[in-house]
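Results of the structural survey
Residue-level listing of the chains:
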Amino acid sequence: RPQVVAHAQQSLNYTLFDCKWVPRSARLLCLGSAARGTGVLQLYELRGGRLELLREIEKPKPIKCGTFGATSLQQRYLATGDFGGNLNIWNLEAPETPVYSVKGHKEIINSIDGVGGLGIGEGAPEIVTGSRDGTVKVWDPRQKDIPVANMEPAEGESKRDCWTVAFGNAYNQEERVVCAGYDNGDIKLFDLKTMSLRWETSIKNGVCSVEFDRKDVNMNKLVTTSLEGKFHVFDMRTQHPTKGFASVSEKAQKSTIWQVRHLPQNRDIFMTSGGAGSLHLWKYEYPAQRSRKDSAGAEMGVAGSVSLLQNVTLSTQPISSLDWSPDKKGLCVCGAFDQTVRVLIVTKLNKV
């Protein structure tokens, strides 16, 4: 069985909201909020078994989330969302002023994702932001000030806090979707090609994290995690006209599942991070047949099953952020509310 080994850890003197590997490097970023209410951006390098701080930058607003998904490997610019509703893009070599900045939302940006960069996914480089103001917006950094798409509640609909967003289906120049999860359990799938709501469902409990197993393939699987310790894996290959997508759900633990992250080198393995300070490593098994016809002859999906490969408790506080290294299989970083960042090595991933 795979083992989860703590390789290095570093105590921080601020609240850590997100951590990210810098692509093609042994460096990682920590994003968060200082005690005096300012934003913190720290760059560390992994040297042997320890983390060495390379630089620390203070920003006016606490930084909630970040992504490299819409940048090139040459530039490796970081996009961040902050408590003031600002979307900023930073050149880490010269992080004093952002290379792109827009007041994207009226309230805090809870979640951000990028696509079209790093050689992942076809099409334009785009960034999606989800905010407490109830809107989900898609930005093209080449276009100033105005989002290329704005998904907001219709007239008369109540605004729900959007907690999580993710890109998917970017397998050619035209196709692209955004999935968003909300505080009331709603999950919405927006088709950016047709600019329409393609599918929606509710898992009856706040949606903390959504992620496609890969962004750059024809929609395959989507994992959603919730406040009540459950996660759902939707098979996104076959959409039934009335029943939508087939899914399997698993109660991982009693507490909130904060995040889900798929292993970049194997899309059927994913890790969930929990409110009890634990990590669970899962494997998805496909059914013998992924679709069948219903009584009316319409295709409907068949859900697979999930098995637990390993779990480990690292902290007494929730692990709120998690990121796999895109380059080294099994290397990951996680951040917890105990103000510690930990670098982990997951072994034997090529054997499962």
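If you check an unreviewed UniProt entry, the chain appears there as Dynein axonemal assembly factor 10 from Semnornis frantzii. The Function (unreviewed entry) comment attached to the chain in UniProt states, word for word, "Key assembly factor specifically required for the stability of axonemal dynein heavy chains in cytoplasm."

A few words on a positive patch on the surface. Together, Lys61, Lys103, Lys106 and Lys159 line one region of the surface with positive charge. Tracing the backbone through its elements, the reader meets Lys159 in the loop between strand 13 (149-151) and strand 14 (162-168). Accessibility expressed as a relative area gives 55% for Lys159, which makes it exposed.

Attention now moves to the UniProt feature "repeat: WD" (unreviewed entry) in the chain. What UniProt calls "repeat: WD" (unreviewed entry) maps, in this numbering, to residues 127-140. The straight-line gap between the two end C-alpha atoms of residues 127-140 is 6 Å; of that span, 0% is helix and 64% is strand.

What follows is about the packing of aromatic side chains. Applying the stated criterion to the full structure yields seven aromatic pairs. With a centroid separation of 5.2 Å and an interplanar angle of 70°, the aromatic rings of Trp199 and Phe234 are classed as edge-to-face. Of the two residues, Trp199 sits in strand 17 (residues 196-202) while Phe234 sits in strand 20 (residues 230-235), which places them 35 residues apart along the sequence. We note that Trp199, like Phe234, is buried. Summarising the aromatic geometry, the rings of Trp258 and Phe337 are spaced 5.2 Å apart at their centres and angled 90° between planes, so their arrangement reads as edge-to-face. Linking Trp258 in strand 22 (residues 257-263) with Phe337 in the loop between strand 29 (331-336) and strand 30 (340-346), this pair joins segments that are 79 residues apart in sequence. Cluster of aromatic residues (ring-pair linked, three or more members): Trp199, Phe234 and Phe245. When the ring centre of Tyr100 is taken as origin, the NZ or CZ atom of Lys144, which lies over that ring, is 4.9 Å away.

All right, on to the sheet that holds strand 12 (residues 136-139) then. One open sheet accounts for four strands, arranged 10-11-12-13; its pairing is antiparallel. This sheet does not close on itself; its edge strands, each paired only once, are strand 10 (109-115) and strand 13. On average, each strand axis in the sheet is tilted by 15° relative to the strand beside it, whichever way the strands run. Bridge analysis of strand 11 (residues 126-131) against strand 12 gives four bridges, and the strand direction is antiparallel.

Bringing the pairing of strand 24 (residues 278-285) into the picture now. Every other side chain in a regular strand lies on the same face of the sheet, so the side chains alternate between the two faces. For strand 24, a buried count of seven out of eight residues is recorded, marking the element as mostly surrounded by other parts of the structure. Where strand 23 (residues 266-274) meets strand 24, five bridges bridge the pair, whose relative direction is antiparallel. The residue of strand 24 that forms the bridge with Thr272 is His280. Two elements, strand 24 and strand 27 (residues 305-313), share eight bridges in a ladder whose sense is antiparallel. Bridge pairing links Leu279 to Val312 in strand 27.

What follows concerns unusual backbone geometry. As a rule of thumb, non-glycine residues mostly have phi less than zero, and peptide bonds are mostly trans rather than cis. The backbone of Asp145 shows a phi angle near 70°, a positive value even though the residue is not glycine. Among the structural elements, Asp145 can be located in the loop between strand 12 and strand 13. Taking the relative accessible area as the measure of exposure, Asp145 reaches 49% and is therefore partly exposed. The backbone of Lys204 shows a phi angle near 65°, a positive value even though the residue is not glycine. Looking at the secondary structure, you find Lys204 in the loop between strand 17 and strand 18 (207-212). Assessed through its relative accessible area of 70%, Lys204 is described here as exposed.

About the thresholds
Residues numbered from 1 in each chain as written. Predicted model: local features only at pLDDT ≥ 70, side-chain atom pairs only at ≥ 80, totals over all residues. Heavy atoms only, no water. UniProt positions renumbered as here; feature names shortened; annotations may be inferred. Patch = residues over 30% accessible without salt bridge, like charges linked within 9 Å, V, L, I, M, F, W, Y side chains within 5 Å. Areas by Shrake-Rupley, 256 points an atom, 1.4 Å probe, with all protein chains shown as cover. Salt bridge = Lys/Arg side-chain N within 4 Å of Asp/Glu carboxyl O. Lys, Arg positive; Asp, Glu negative; His and termini not counted. Charge placed at Lys NZ, Arg CZ, Asp CG, Glu CD. Helix = DSSP H or I, 4+ residues; strand = E, 2+ residues; numbered from the N terminus. Buried < 20%, exposed > 50% of the residue type's maximum accessible area, 1.4 Å probe, protein only. Phe/Tyr/Trp six-rings, centres within 6.5 Å; stacked < 30°, edge-to-face > 60°. Lys NZ or Arg CZ within 6 Å of the ring centre and 35° of its normal. Pairing = 2+ DSSP bridges. Axes fitted to C-alpha atoms, helices over the stretch in contact; angles between N-to-C directions.

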